[in-house]
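Residue-level structural notes
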Amino acid sequence: MGRLLKLHTYLVLAFLYLPIAVIVALSFNQSRFGVRWTGFTWQWYVRLFHHHRIAVYAENTLIVAVVSTLIATVLGTLLALGLYRYRFRLKSALKFLIYVPVVIPDIVMGVALLLFFAWVRVHTGWLRLSLVTIILGHVTFQVAYVALVVRSRLAGLDPALEEAAADLGAGGYATFRYVTLPLILPGVLAGALLAFTLSLDDFVITFFTAGPGSTTLPLYIFSSVKRGVTPEIHALSTILIAVTTVGLLLGRALLRRR
Amino acid sequence: MNRSATSPARRLFELLLTVGPGALWLVVFMLVPALLMLEASFLQRGPYGRLVGPYTVANYLRFFGFTPEGYDPLYLAILWRSAVFAVGVTVITLLLGYPLAFAIATSRRKEALLLLVVLPFWTNFLIRIYAWIVIFQRHGVVNALLGAFGLEPLHLYPSWFAVYVATVYTYLPFLVLPVYTAVERIDWTLLEAAQDLGAGRIRGFLHAVLPQTLPGIVAGVLLVFIPALGTFVISDLLGAGRVVLIGNVIQQQFGVVRDWAFGSAAAYVLMALVLLGLWGYARVAGEEGLDRLV
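Glancing now at the overall build of chain A. Helix and strand counts for chain A come out as 11 helices and 0 strands. Listing each helix as α and each strand as β along chain A from the N terminus yields α-α-α-α-α-α-α-α-α-α-α. A buried classification covers 39% of the 258 residues belonging to chain A. If you take every contact in chain A between residues at least 6 apart in sequence, the share linking residues at least 24 apart comes to 79%.

As far as domains go, chain B holds domain 1 (1–40) and domain 2 (75–291). On a C-alpha basis, the centroid separation for the pair domain 1 of chain B and domain 2 of chain B is 34 Å.

Residues and elements named next belong to chain B. Predicted confidence across chain B gives a mean pLDDT of 86, with 95% of residues reaching 70 or more. Looking over chain B, one finds the lowest element-wise mean pLDDT in helix α8 (residues 189–196), namely 80, and the highest in helix α11 (residues 246–254), namely 93. For this predicted complex, the interface confidence score (ipTM) comes to 0.90, while the overall pTM stands at 0.88.

Okay, the interface of chain A and chain B next. Listed by partner, the interface residues are 74 residues for chain A and 69 residues for chain B. The element best represented in the side of chain A that touches chain B is helix α1 (residues 2–26) of chain A, accounting for 13 residues. Partitioned by chemical class, the residues of the side of chain A that touches chain B number 58 nonpolar, 11 polar and 5 charged.

Right, let's get into the environment of Met-37 of chain B. The topology assignment puts Met-37 of chain B in helix α1 (residues 8–41). Residues Met-37 of chain B and Ser-264 of chain B lie 227 residues apart in sequence; the distance between their C-alpha atoms is 5.7 Å.

Residue and element names in this part refer to chain A. By domain assignment, chain A separates into domain 1 (1–41) and domain 2 (53–257). Between the C-alpha centres of domain 1 and domain 2 there is a distance of 32 Å. A per-class count over the side of domain 1 that touches domain 2 returns 4 nonpolar, 2 polar and 1 charged.

What counts and how
- Residues numbered from 1 in each chain as written.
- Chains lettered and ligands numbered in written order.
- Predicted model: local features only at pLDDT ≥ 70, side-chain atom pairs only at ≥ 80, totals over all residues.
- Helix = DSSP H or I, 4+ residues; strand = E, 2+ residues; numbered from the N terminus.
- Buried ≥ 20, exposed ≤ 12 C-beta atoms within 10 Å, placed from the backbone.
- Contact = placed C-beta atoms within 7 Å.
- Domains from an automatic or database assignment.
- pLDDT = per-residue confidence, 0-100.
- Nonpolar A, V, L, I, M, F, W, Y, C, P; charged D, E, K, R; others polar.

Have a look at this one:
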């Protein structure tokens, strides 16, 4: 059984890495068509950098990820703190509302947001589909994830620490700033890291909330793939794979050090 | 807690400061859009794709097959097909993921193995789908390998097979992680007890190990089943028009067809199915069960 289980593990790992290996390898392949290896080249990367819009798409993607993560981390952390600390009416309704973005299919959320933005636009003239609407959409699912991650960290907190601070005369803010926040910071950072990656990874919500001029890298990849597979997309994908891998490993190292 | 000594006004202020902004955000960008979509599902498609009254249940009737031209269960068939697809994907994912989670949790190098499983999942979703096109297309990796052995090329893209493979690939980590957590918490003395009482390997596993991992299995199954049921990108890219799921119907109604009323009704049917499943799950697993989904 042990040996069989090991074989299974290796096979599944091979299955997980095969597509990534194929993309990375082909991004350095001279042949434009097909998958036969005809020699090493950097030319697809060079062409990619000469593509006049690619920097704009990358910038859009990063703006959305950074801004939405900042907003969602603050809102989500506060939400988790309030849920942990207070009892109030509608508390279970609020918890339900937090679970909804996590569990409903993302296409449902995407079309509902599209409908909402169109409705706001008709009635007020605000909110043309743009980077702003993408950010609003991303924050909506990120808030839920951040709140849930921070809440699980709070659940492991020893209430005696906060009580001790209060007994020693610390006010609500001082207790939060010098006792609670340092204790839950790893959870907050983990939540932010998750929110950031979810934003970079998201395609569906972005697809429904983007407008002309707010193309992100995933949207660009989608529209290119619809037209056909090209080595430039292999190169772009390889860069993104490298960036997320390095980012993930760095993030883990940082979180572990704390 | 001595915080109860603070004044009610102070408490209300703190409550609004912490829960307020996030709750407001979710109400405005989650609850209001959901209610708007509910209203839209009872409206009709007007000129230029605008939503117009009067209120009607025609969209739902049409979804369930009752059209002015007679009974035509087109969309019910698509919904059924999507459900069968999601079940199929979930079963395959379980067969691949359960032993894998077990192997990781009982390995000496579990940290490294876990990272290896999660890493591909952090690469962009679209790139992972795209890679399977490169593998399955007419002159792709599989057919190049077959050709090297002198075999006939296979028609793999676009196909249901490709959609299945890519969906399993995409959601495998969602199943592995909760099952892994459950395996880590197993109380192995139960297995020893079962073996002391004469249970063989299979019976020992079925009665002493499997039940302990059930919470992880159920959470993982939901985490795979729900997105598989709602997917439209994977079927769009790897099925290229030959594979139509409920997600594709919704996307088309909000895209090229521009019948937002009918699209809203279809989205509500999908959401109702998902919420029904979650409600059943929450009744069995309780609120902590919902936490396991994150």
